[in-house]
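Residue-level listing of the chains:
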Amino acid sequence: MDRIFRGIMKYRRTDRLTMVEQFKRVKDHPEPKAVFFTCMDSRMIPTRFTETNVGDMFVVRNAGNLIPHSQHFLDELTTNEPAALELGCVVNDIRHIIVCGHSDCKAMNLLHALQDVDFASKENRRISPLRAWLCTHAMSSLEKYQQLQVAGFHTPLIFQSETPLRKFVAYIDPENKFSVEDKLSQINCLQQLQNIASYGFLKKRLESHDLHIHALWFDIYTGDIYYFSRQNKKFVEINEMTVDMLEQEVLRFYS
């Protein structure tokens, strides 16, 4: 808490007045452009690596950047994530949803370990909210990982897209640069796009291309950020050589 207090005092001396002016500008007419789902990992600071500012994005964080599939909810039982989708995309008419995973994700490392039957037992889930969360909402990601493991890591995976009749193909880490847990993290990131598309209140907007879903992946050890390119069927590093190509792809696909 001492560090938090000192940080607040530094903020008061340096950034407070600038932020207050920004708050005033967006107070009555905020126009956020994206709902950004990412992990709660302390190493992930999305507003810094996207250079976004006051009023630019809704940011939703949890263990493993998960968006539970709509099949888990009956009547009025729900969680924060679909409520955030409704608040962002329906109430505030935001047109872009971004899911951002990352390397060395502790939740994904644990999910990989949950392949052990004893480790994933009901008794262990009863005493571990984190294991219960992953077993309830991330097993579809693990199943896809196991599918890829059996078939060989050079084979593609198929994910359901924005509508039931649309799908996209994904090659996971074809250059074999990352650990198996990081491969799982990338699969998990793409699985969330499929989960988002399961919500009925987003259906019409997805079908009419008024709402768009994207996937980013952040390598915390190099600082590199990857965008899932449906054209290239893989995560592509965003850099000086690729950014124009990726921008053109987004314009073509989402226009």
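The preceding data block contains the structure.
Just so it is clear, the model here is predicted, and its values are computed rather than measured. (Residues numbered from 1 in each chain as written. Predicted model: local features only at pLDDT ≥ 70, side-chain atom pairs only at ≥ 80, totals over all residues. Heavy atoms only, no water.)

1. Focus on the nonpolar core
By size, the foremost hydrophobic cluster in this structure holds 51 residues, and its most contacted members are I97, L134, L190 and L202. When residues of this core are assigned to their parent elements, the largest contribution, 6 residues, is made by helix α9 (residues 180–196). When residues no more than four places from it in sequence are discounted, the contact partners of L190 are F159, F168, A170, I172, A215, F228 and F235. Core analysis: the next-biggest nonpolar cluster, separate from the first, contains 14 residues, M57, I98, I225 and V236 among them. (Core = buried A, V, L, I, M, F, W, Y, C linked by side-chain atoms within 4.5 Å. Buried < 20%, exposed > 50% of the residue type's maximum accessible area, 1.4 Å probe, protein only. Helix = DSSP H or I, 4+ residues; strand = E, 2+ residues; numbered from the N terminus. Contact = heavy atoms within 4.5 Å.)

2. Side note on the pairing of strand β1 (residues 34–39)
Within β1, 6 of the 6 residues are buried, which leaves it mostly tucked inside the rest of the structure. Where β1 meets strand β2 (residues 57–62), 6 bridges bridge the pair, whose relative direction is parallel. Its bridge partner being in β2, A34 is matched across the sheet by M57. Relative to strand β3 (residues 96–102), β1 runs parallel, the two sharing 4 bridges. Across the sheet, residue V35 finds its bridge partner in β3, namely I97. (Pairing = 2+ DSSP bridges.)

3. Some thoughts on the packing of aromatic side chains
Going through the model one piece at a time under the given rule, you end up with 10 aromatic pairs. Members of the aromatic cluster, each reached through a chain of ring pairs, are F159, F168, F228 and F235. The side chain of K183 reaches across the aromatic face of F153, ending 5.5 Å from its centre. Geometry around F168 places R230 over its ring, the cationic atom sitting 4.9 Å from the centre. (Phe/Tyr/Trp six-rings, centres within 6.5 Å; stacked < 30°, edge-to-face > 60°. Lys NZ or Arg CZ within 6 Å of the ring centre and 35° of its normal.)

4. Side note on the environment of P164
Its place among the elements puts P164 in the loop between β4 (157–160) and β5 (167–170). When the C-alpha atoms of P164 and A215 are compared, they prove to be 19 Å apart, with 51 residues separating the residues in sequence.

5. Topic: the sheet that holds strand β8 (residues 234–237)
Here we have 6 strands laid out as an open sheet, ordered β2-β1-β3-β6-β7-β8, and mixed in their pairing. The sheet terminates laterally at β2 and β8, the two strands that pair on one side only. In this sheet, neighbouring strand axes are inclined to one another by 25° on average, regardless of whether the strands run parallel or antiparallel. Where β3 lies against strand β6 (residues 212–218), 7 bridges are found, and the strand directions are parallel. Looking across to β6, one finds that H102 is bridged to F218. (Axes fitted to C-alpha atoms, helices over the stretch in contact; angles between N-to-C directions.)

6. Overview of the state of the cysteines
On inspection of all chains with the given rule, the structure shows 0 disulfides. With no disulfide of its own, C39 has C105 as its nearest cysteine by sulfur position, at a separation of 4.0 Å. Residue C100 stays outside any disulfide, its sulfur separated by 6.5 Å from that of C189, the closest cysteine. (Disulfide = S-S within 2.5 Å.)

7. Points about the packing of helix α4 (residues 80–91) against helix α10 (residues 200–207)
Contact geometry for α4 and α10: axes closest at 10 Å, N-to-C directions at 40°. By the angle between their axes, α4 is oblique relative to α10. The chirality of how α4 crosses α10 is left-handed. Across the interface between the two elements, P82, L85, E86, C89 and V90 of α4 pack against F201, L202 and R205 of α10. The residue inventory of the contact of α4 with α10, partitioned by class, reads 6 nonpolar, no polar and 2 charged. (Parallel < 35°, antiparallel > 145°, perpendicular 65-115°, else oblique. Left-handed = near helix turned anticlockwise from the far one by under 90°. Nonpolar A, V, L, I, M, F, W, Y, C, P; charged D, E, K, R; others polar.)

8. Some remarks on the side chain of N62
You can see N62 is positioned in strand β2. A polar atom in the side chain of N62 sits 3.0 Å from the side chain of E81. With residues up to four places along the chain from it excluded, the contact list for N62 reads T38, C39, M40, E81 and W133. (Polar contact = N/O pair within 3.5 Å; in protein donor to acceptor, adjacent residues only side chain to side chain.)

9. Observations concerning the side chain of D104
Relative to the helices and strands, D104 resides in the loop between β3 and α5 (106–113). We classify D104 as buried; its relative accessible area is 15%. Side-chain polar atoms of D104 contact the side chain of N109, separated by 3.2 Å.

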